[in-house]
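One-letter residues, chain by chain:
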Amino acid sequence: MGKNGGNIIIALLLCMVQHAWADIVLRAQTMRGQQIDAVSIGEPFVIEISVQDMAVNTLPKLYADSALVIDRQEQRMHITINGQSTNRFRYIVHMNAIGKHTLGPAVIEDNGTTINSNTVVIEVDEKSLEDTQKKEAFARFEVDKERVVVNEQINCMLTFYYGHDTIEPKFVEEPRFNNAKVIGTVQDYTTGSEKINGSRYYYIRWQWQLYPKVSGTLIIPARRVEYDVEMPQGYGPFSFFRRAERKRIYSNALQIEVMPLPPHTEDICAVGHFKHIYAEINPTVAKEGEAMVLTLAFEGSGDLEALAMPKLEGMPDALRYYDSKNYIEASNYDGMQIKKFEYVVQGRQAGIWEIPAQTYIYFDVQSGAYKTVHTTPLGITILANPAQQVAPSPTIALEQGQIEQELIDDVLPIDTSDAWYPVHARSPLPWWLFIMLILLPWIYLSIVLIRVIIARHYAQRAHIIRAHAAFKTAKDALYKAQQAHNTAHVYEIVIQLFADRCMVPQAQITQNFIIQQLRKGGLSAHSIAQWDDFFAHISMAKFDKINRTQNTIFGDVYKWLILLEEII
Amino acid sequence: MKRIIIFFILISVVTTYAHNKETFLRANNLYHAGEYEQALASYESMSAKGSAVWLNIGNCWYYLNKYAQALVAYKRALRDANSIQCATSLAYQKKVLQQIDRYVEPSMSQKMYAYILCKTAGISLFIMQLLFLLAWFILWWLIMHIKRRLHYFILILLCAVLVLISGVVVYGKYKMHMQRIAIVAQEEVSVLSGPDIRYHIRGSFAYGQEVEIEEQKNEWCKVRYYTRVGWVPVDALLPV
């Protein structure tokens, strides 16, 4: 029982945990995945039910009123990303009654556990007659204020409306100005549908915050939006490829009047509207040298990113502080954020000290006047000489340890041990030399390759080259033989001449072969007989060492060479 | 006469050294006492500044909330830094960039690149060039005399890795020596298409942005940041 019982408990726990993690979400969307909250009567759309981290054995039950008609259920998809599995069920549906209808919840029952999804309210309207006349797409740029002061926040909104699901926006020109700061990117957008002049449009909406930096007229030029319109599929061989036509439209342009801030003598920290500005310190009791974290928080709307780390005024000499970090948090108030500045405060002298109230002046955009706010003074206690104090409780020690660690991270230690003087290293190799040395193996390889290529080229064309130069080679060799009085060499010269000229190996050159070539060259029978006689002489000069005057042999050879040059 | 000149040169060298060392120690004490402005003035007054001095100058600027100046000092510290100083400088640069919300988490390859540069920070460019060339020639020799034996392939692989790493280091050190880097020291500096305010604005650089100076004409600098090139006023930049 012991081991099996344990296994059963683990399995049960796993099942419970699985259900605890499981999540089921219902969405209404267009056929291309755009989330919607309104449709026309009879218009097909998709209900998608996503079930996360749960093994689903049965189809989810979809509860809805009778106006919902399920046309078909698409194949269920199972996706696993980073160990998180998702089952998706898609239903192609339409609504057959006008009005507001609630879709859902979708319910999944598994092992006696029931999990319900959210519900979606969808508005069904009559298909307008103007639908066929409505615009394909248009863009609208809107701002929440047309008259502001310098550095006041302007909420801008670019909405791209499109009438058909086959349209897909591809490029949006973001507003960028030299005289205004813009916060926001095209990656953040919302989608939905809206009825305009009786026709329903889908939309994609981008939002930015604009902070004008100089007074005058701020002109927001028309923004460009490019989109693709899917072309109807043809019946050609490549009709399964989707084709799209790229189109471009421009939004309206806008003009904003930016006024300068009213005259003021004190430094102002921000322009905006602030709900709270407060200070807090943690812990309020610390030993000498220990760190405490002082937090200044500004909660409100405006360009909080530009809010610089304020200096703490009137800090007692017994306290020392360092700027630590700043960050922006979400606020519970709509359209507001909290910017927090953290300082590390260290007590240098034991006693009870007060961090005085900090005063900040800002221009309040709601009242149109400067406002001065004060934080509350903070009292802290610094205990003397930590070595003589009673050991703190483990909880406090842990907290202080964490803060000390933070202090170590924040205070930049200086370099006191390394050499203060510059270390002069040997100057590097000149870059031209370095590059040359790197290229050296390439140059060597290139030379080797070129040589191989040339050698191969000559090897392939050697017989042709020899054939072309055969007579010249023969004459040169003959001249050398004549100079050396070497009649025996004439035979070899003649054989080599025929071999080169006819592009055959020397071994194939016979008397018959030569006569054949001479006949081909059109030599008469008489001349061939004379050739026989001449050839016999040079053969004898080679093999039988018969004396014959050199001039006669060389003279004959030259004559025959001239004749042969014309016929072979 | 010659002896007197040599004597005076020696005396001046020794005095300058002693003065600089004393200034360095005094500045360190001022820094520890939290007197950053005075510490900074002392560090700046030193006639020769090594990596340690530049790191400390960067810290002073950091506490005076002059983050662009701090970045410049930390980058100067990299020039003749050893491994530890290099790692410290990079960590401090990260801290400054986080402070001005300009820190971007580096990719894995960038982290590896920084790690290799840090580890080889103490080795001069000349030595790295020689090491690269040696590995390069051995690699070629092995490839040209390759035999079908396992140890040949292992040697080729080792040489290729050595070539790759030393190549990366040589490239990094070369960039550090040759590139003219500057830090943008003003908020939202407009980048113009030419060296005059009459030219149209192409965009802007944020405070603390690192740019490469390509050219300078009078009071204007042509700068590059990846593919963005344009002209900005000289006084908006702090050269490294």
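Everything below is about the structure printed above this text.
Scope of this entry: the structure provided in the associated data block. This one's a predicted model, so the numbers in the text were calculated from it and none came from an experiment. In this convention, every chain numbers its residues from 1, walking through the sequence in written order. As they are written, the chains are lettered A onward and the ligands numbered 1 onward, keeping that order. Where local features are concerned, this predicted model is filtered to residues with pLDDT of at least 70; where side-chain atom pairs are given and counted, the filter is 80 or more; whole-chain, interface and lining totals use all residues. With hydrogens and water stripped out, all remaining heavy atoms of the structure feed into the side-chain values.

Points about a nonpolar patch on the surface
Residues and elements named next belong to chain B. A cluster of nonpolar side chains, Met-1, Ile-4, Ile-5, Phe-7, Phe-8, Ile-9, Ile-11 and Val-13, forms an exposed patch at the surface whose accessible area comes to about 850 Å². The helix and strand labels rest on DSSP assignments: H or I over at least four residues marks a helix, E over at least two residues marks a strand, and numbering proceeds from the N terminus. With respect to the helices and strands, the residue Phe-8 is situated in helix α1 (residues 2–32). Judged by its relative accessible area of 53%, Phe-8 falls in the exposed class. The residues that make up patches have over 30% relative accessible area and no salt bridge, and they are joined within 9 Å when like-charged or within 5 Å when they are Val, Leu, Ile, Met, Phe, Trp or Tyr. Areas reported here follow the Shrake-Rupley algorithm with a probe of radius 1.4 Å; residue values treat only the protein chains shown as occluding. For salt bridges, the criterion is a side-chain nitrogen of Lys or Arg within 4 Å of an Asp or Glu carboxyl oxygen. Under the scheme applied here, a residue whose accessible area is under 20% of the maximum for its type counts as buried, over 50% as exposed, and between as partly exposed, the area being computed with a 1.4 Å probe on protein chains only.

Here we look at the interface of chain B and chain A
If you look at the interface, chain B gives 48 residues, while chain A gives 36 residues. Buried area adds together the accessible area that both of two parts lose upon being put together, with accessible area traced by a 1.4 Å probe. Each partner contributes to the roughly 3600 Å² buried at the junction of chain B and chain A, and carbon and sulfur atoms together form 63% of this total. Ranking the residues of chain B by area buried against chain A places Phe-126, Gln-129 and Trp-140 of chain B at the top, with a combined share of 15%. At the junction of chain B with chain A, the criterion picks out zero salt bridges. Think of a polar contact as two N or O atoms within 3.5 Å of one another; within protein, one of them needs to be a possible hydrogen donor and the other a possible acceptor, and neighboring residues in sequence only count if both atoms come from side chains. The tally of links from chain B across to chain A stands at four residue pairs in polar contact (both at pLDDT 80 or more). Elements supplying a minimum of two residues to the side of chain B that touches chain A: α1, α2 (36–45), α3 (51–63), α5 (83–99), α7 (125–144), α8 (150–178) and β3 (201–205) of chain B. The contact criterion used throughout is that any non-hydrogen atoms of two residues lie within 4.5 Å.

A look at the packing of aromatic side chains
Between 30 and 60 degrees the pair is tilted, below 30 it is stacked and above 60 it is edge-to-face, where a pair is any two Phe, Tyr or Trp rings, Trp via its six-membered ring, whose centres lie within 6.5 Å. If you walk through the whole model with that rule in mind, you get 36 aromatic pairs over all chains. Aromatic pair Trp-531 of chain A and Phe-534 of chain A: ring centres 5.3 Å apart, planes at 50°, arrangement tilted. Highlighted residues: Trp-531 of chain A and Phe-534 of chain A, both in helix α7 (residues 525–543), separated by three residues, approximately one helical turn. Here Trp-531 of chain A matches Phe-534 of chain A in class, with each residue buried. With 5.3 Å between their ring centres and 70° between their planes, Tyr-31 of chain B and Tyr-36 of chain B make a pair best called edge-to-face. The residues Tyr-31 of chain B and Tyr-36 of chain B share a single accessibility class, namely buried.

Points about the pattern of salt bridges
Residues and elements named next belong to chain A. Taken as a whole and assessed by the stated rule, the structure comprises 28 salt bridges over all chains. Taking the shortest distance from any N to any O, the salt bridge between Asp-125 and Arg-200 comes out at 3.9 Å. Pair noted here: Asp-125 is in strand β10 (residues 120–125) and Arg-200 is in strand β17 (residues 199–212), with a separation of 75 residues, a long-range link. One exposure class covers both Asp-125 and Arg-200, and it is buried. When the shortest N-O distance is used, the salt bridge between Lys-181 and Glu-305 registers 3.7 Å.

Description of unusual backbone geometry
Cis geometry marks the peptide bond from Gly-104 of chain A to Pro-105 of chain A, where omega comes out at 0°. Within the element layout of this structure, Pro-105 of chain A appears in strand β8 (residues 99–110). Across the junction of Asn-282 of chain A and Pro-283 of chain A, the peptide omega takes the value -5°, indicating a cis bond. Relative to the helices and strands, Pro-283 of chain A is located in the loop between β22 (270–282) and β23 (285–287). The backbone of Asp-101 of chain B sits at a positive phi, close to 55°, despite the residue not being glycine. Structurally, Asp-101 of chain B can be placed in the loop between α5 and α6 (108–119).

Some thoughts on the environment of Pro-283 of chain A
Pro-283 of chain A gets classed as buried once you look at its relative accessible area, which sits at 14%. Measuring from C-alpha to C-alpha, the distance between Pro-283 of chain A and Ile-380 of chain A comes to 8.3 Å, with 97 residues separating the pair along the chain.

A look at the packing of helix α5 (residues 488–502) of chain A against helix α6 (residues 511–520) of chain A
All names here are of chain A. In contact at an axis separation of 11 Å, α5 and α6 are set at 55° when each is read in the N-to-C sense. As far as their axial angle goes, α6 and α5 are oblique. Remark: the crossing between α5 and α6 carries left-handed chirality. Listed contacts from α6 to Ile-495, Phe-498 and Cys-502 of α5 are Phe-513, Ile-514, Gln-517 and Leu-518. As a working rule, the residues Ala, Val, Leu, Ile, Met, Phe, Trp, Tyr, Cys and Pro are called nonpolar, Asp, Glu, Lys and Arg charged, and the rest polar, with Gly in that last group. The residue makeup of the contact of α5 with α6, split by class, is six nonpolar, one polar and no charged. Lines fitted to the C-alpha atoms define the axes, with helices restricted to the stretch that makes contact. Angles between their N-to-C directions range from 0 to 180 degrees. Oblique is the label for any angle not under 35 degrees, not over 145, and not in the 65 to 115 range, which are roughly parallel, roughly antiparallel and roughly perpendicular in turn. A crossing counts as left-handed when the near helix is turned anticlockwise from the far one by less than a right angle, and as right-handed when that turn is clockwise.

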